[in-house]
Each structure stands twice: as structure tokens, then as C-alpha cells.
Amino acid sequence: RWEKVTSRGVDIMIALDCSGSMLAQDIKPTRLERAKREIIDLMHMMKSDRAGLVAFSGKAVLQCPLTLDHGAFTIFLNVLEPGYLPVGGTDLEDAIKTCYSGFEKDADTEKAIIIITDGEATAGNAVAEAKKMAEKGIRIFCIGVGSIQGAPIPDKNSGFKKDSSGNIIMSRVDEKTLEQIASVTG
């Protein structure tokens, strides 16, 4: 017999941290490359869900609008590297705002944001922005990439990045902030 089946997907905005700290190698080959591989694995599991991509560091940009074309999404994903965005740092608040602006406001779909980062926010108030998303019924999932012990950040000239005192900067996953953002939206 013929049966009409209606499926409604979820709109998922994926925010990927492209800051310099994502080049740390405590996760092999680098935090950024591992994150990209995990996103591609996620795309293979998605069927009727639309995905969009936001690249962020000190500023966030909509890299790929919501689409069912996961092949096109992957093309946009593969070009992301630290230095792709002109502003350094990590602004989780701007990443959340940019993800929200990428949603179709009148679409009757569940909406979710997945933030993939080492979590070391250098600007903005991501927890306050997450509360606004919770009020709109948008859930935020955070995936921390890196280790608690941390790793040095490679310098493009040579060696590792150092602070003003000449000490090597260690980049660690900020689990506390990521947990706060996720718990605020349930």
C-alpha cells in the first residue's frame, strides 16, 4: 500500500573555531583537522537535516548557509584554516549570534547550534548569549577539542607562541565555560 510519510529535519548550525590555538597538536594531527574530520562524520549521519557552517575566531562569519547539500558544505569546511579570518582570538558570543542569524526565523523546524572549539574565549559573553538562545528554544551543544593538560600553539614563523615574558603559551580546553553554555540551553 502507499503511505505518505512526512519527515521534518533539524536545522543545525555548526560553529568551528579557526583561531590559532586550534593548531595545537595535543589531538593529532591538529585540533582543527580532527574537528573537521568529526564534522564530516556527522554529515554522513545526517539525512533530512540541514546544516550550516560558521567559522569564527575573534570574529564570526557565515561560511555556508543552511543546506541539504552536504557535499557543498564539505567544500566550505575544507578551506577553513587559522588565519582564514582576519581577527585573532576566540569570540564564542559572536559565533552564537552569527549562528542564530543563519537560521530561517519563520521555519517550523527544531534548531540547534554545535560549537566546536578549544573553548578559550578571549572576547564576549557567551553564557549570556546562550541564555537568549534558550529563550528562543535553540539548544547549544559544545564539543571541546584538546586536552586539559594543554599544548603549545605553533607559531607560523618558527617554534611556539610566547607571552610578553618569553614563556611558551599553553592552550588548554576550557571545559567549564563550554559546560555552562550547554547547560543553559538544556
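Refer to the structure above for everything that follows.
Worth saying up front: this structure is predicted, and the values here are computed from it rather than measured. (Residues numbered from 1 in each chain as written. Predicted model: local features only at pLDDT ≥ 70, side-chain atom pairs only at ≥ 80, totals over all residues. Heavy atoms only, no water.)

Visitor: Is there a simple way to think about the sheet that holds strand E4 (residues 110–117) in this case?
Guide: Hydrogen bonds between backbone atoms are what pair the strands of a sheet, whose relative direction is either parallel or antiparallel. Spatial strand order, E3-E2-E1-E4-E5: 5 strands in an open sheet with mixed pairing. On the outer flanks of this sheet lie strand E3 (60–67) and strand E5 (139–144), each paired with one strand and no other. Looking at each pair of strands side by side, their axes are set apart by 15 degrees on average, direction ignored. Of the strands in this sheet, strand E1 (10–17), strand E2 (50–56), E3, E4 and E5 are in contact with helix H3 (residues 92–102), which crosses E3 at around 30 degrees. Across the sheet, helix H5 (residues 175–184) touches E4 and E5, and the angle it forms with E5 is around 160 degrees. (Pairing = 2+ DSSP bridges. Helix = DSSP H or I, 4+ residues; strand = E, 2+ residues; numbered from the N terminus. Axes fitted to C-alpha atoms, helices over the stretch in contact; angles between N-to-C directions. Contact = heavy atoms within 4.5 Å.)

Visitor: What should I look at first to understand the side chain of Thr-90 in this one?
Guide: Inspection of the secondary structure assignment puts Thr-90 in the loop between helix H2 (70–78) and H3. On the accessibility criterion, Thr-90 (2% relative accessible area) is buried. Here Ser-19 takes part through its side chain, which lies 3.4 Å from a polar atom of the side chain of Thr-90. (Buried < 20%, exposed > 50% of the residue type's maximum accessible area, 1.4 Å probe, protein only. Polar contact = N/O pair within 3.5 Å; in protein donor to acceptor, adjacent residues only side chain to side chain.)

Visitor: Honestly, the pattern of salt bridges in this entry has me stumped. Any pointers?
Guide: Opposite charge on two side chains lets them pair, provided their charged atoms get close. Taken as a whole and judged by the stated rule, the model has 9 salt bridges. The partner of Arg-31 in a salt bridge is Asp-118, and the shortest N-O contact between them spans 3.1 Å. Placement of Arg-31 in helix H1 (residues 31–45) and of Asp-118 in the loop between E4 and helix H4 (126–135) is noted, with a sequence separation of 87 residues between them. Overlapping salt bridges, with partners in common, bring together Asp-11, Arg-50 and Glu-104 in one network. (Salt bridge = Lys/Arg side-chain N within 4 Å of Asp/Glu carboxyl O.)

Visitor: What should I look at first to understand a nonpolar patch on the surface in this one?
Guide: Together, Val-61, Val-79 and Tyr-84 make up a nonpolar patch on the protein surface, roughly 240 Å² of accessible area in all. Positionally, Val-79 belongs in the loop between H2 and H3. The partly exposed category is assigned to Val-79, whose relative accessible area is 45%. (Patch = residues over 30% accessible without salt bridge, like charges linked within 9 Å, V, L, I, M, F, W, Y side chains within 5 Å. Areas by Shrake-Rupley, 256 points an atom, 1.4 Å probe, with all protein chains shown as cover.)

Visitor: What should I look at first to understand the environment of Gly-124 in this one?
Guide: Within the secondary structure, Gly-124 sits in the loop between E4 and H4. Each C-alpha atom of the pair Gly-124 and Ser-147 lies 23 Å from the other, and the pair is 23 residues apart in sequence. Contacts of Gly-124, omitting those with residues within four sequence positions, involve Asp-91 and Glu-93.

Visitor: Can you help me understand the environment of His-70 in this one?
Guide: With respect to the helices and strands, the residue His-70 is situated in helix H2. In this structure the C-alpha to C-alpha distance between His-70 and Ile-40, which are 30 residues apart in sequence, comes to 8.9 Å. Excluding residues that lie within four positions of it along the chain, His-70 makes contacts with Met-43, Met-46, Lys-47 and Asp-49.

Visitor: Looking at this structure, I do not really get the packing of H3 against H4. What am I missing?
Guide: How two helices pack is summed up by the angle between their axes together with the distance between the axes. Where H3 contacts H4, the axes come no closer than 8 Å and their chain directions differ by 25 degrees. Of the possible angle classes, the one that applies to H3 and H4 is roughly parallel. For the crossing formed where H3 meets H4, the hand is left-handed. Note on element contacts: H4 touches H3 through Ala-126, Glu-129, Ala-130 and Met-133, opposite Leu-92, Glu-93, Ile-96, Lys-97 and Tyr-100. Partitioning the contact of H3 with H4 into residue classes produces 6 nonpolar, no polar and 3 charged. (Parallel < 35°, antiparallel > 145°, perpendicular 65-115°, else oblique. Left-handed = near helix turned anticlockwise from the far one by under 90°. Nonpolar A, V, L, I, M, F, W, Y, C, P; charged D, E, K, R; others polar.)

Visitor: Quick question: what am I supposed to make of the pairing of E1 here?
Guide: For a regular strand, side-chain orientation follows a simple rule: the groups alternate between the two sheet faces. For E1, a buried count of 7 out of 8 residues is recorded, marking the element as mostly surrounded by other parts of the structure. Of the pairings in the sheet, the one linking E1 to E4 comprises 7 bridges and is parallel in character. Residue pairing in the sheet places Met-13 in a bridge with Ile-113 of E4. As judged from the 7 bridges shared by E1 and E2, these two strands associate in the parallel manner. Each residue of the ladder has a partner; that of Leu-16, found in E2, is Ala-55. In this fold, E1 hands off to H1, which returns the chain to E2; that crossover is right-handed. (Right-handed = clockwise from strand over helix to strand, strands pointing away.)

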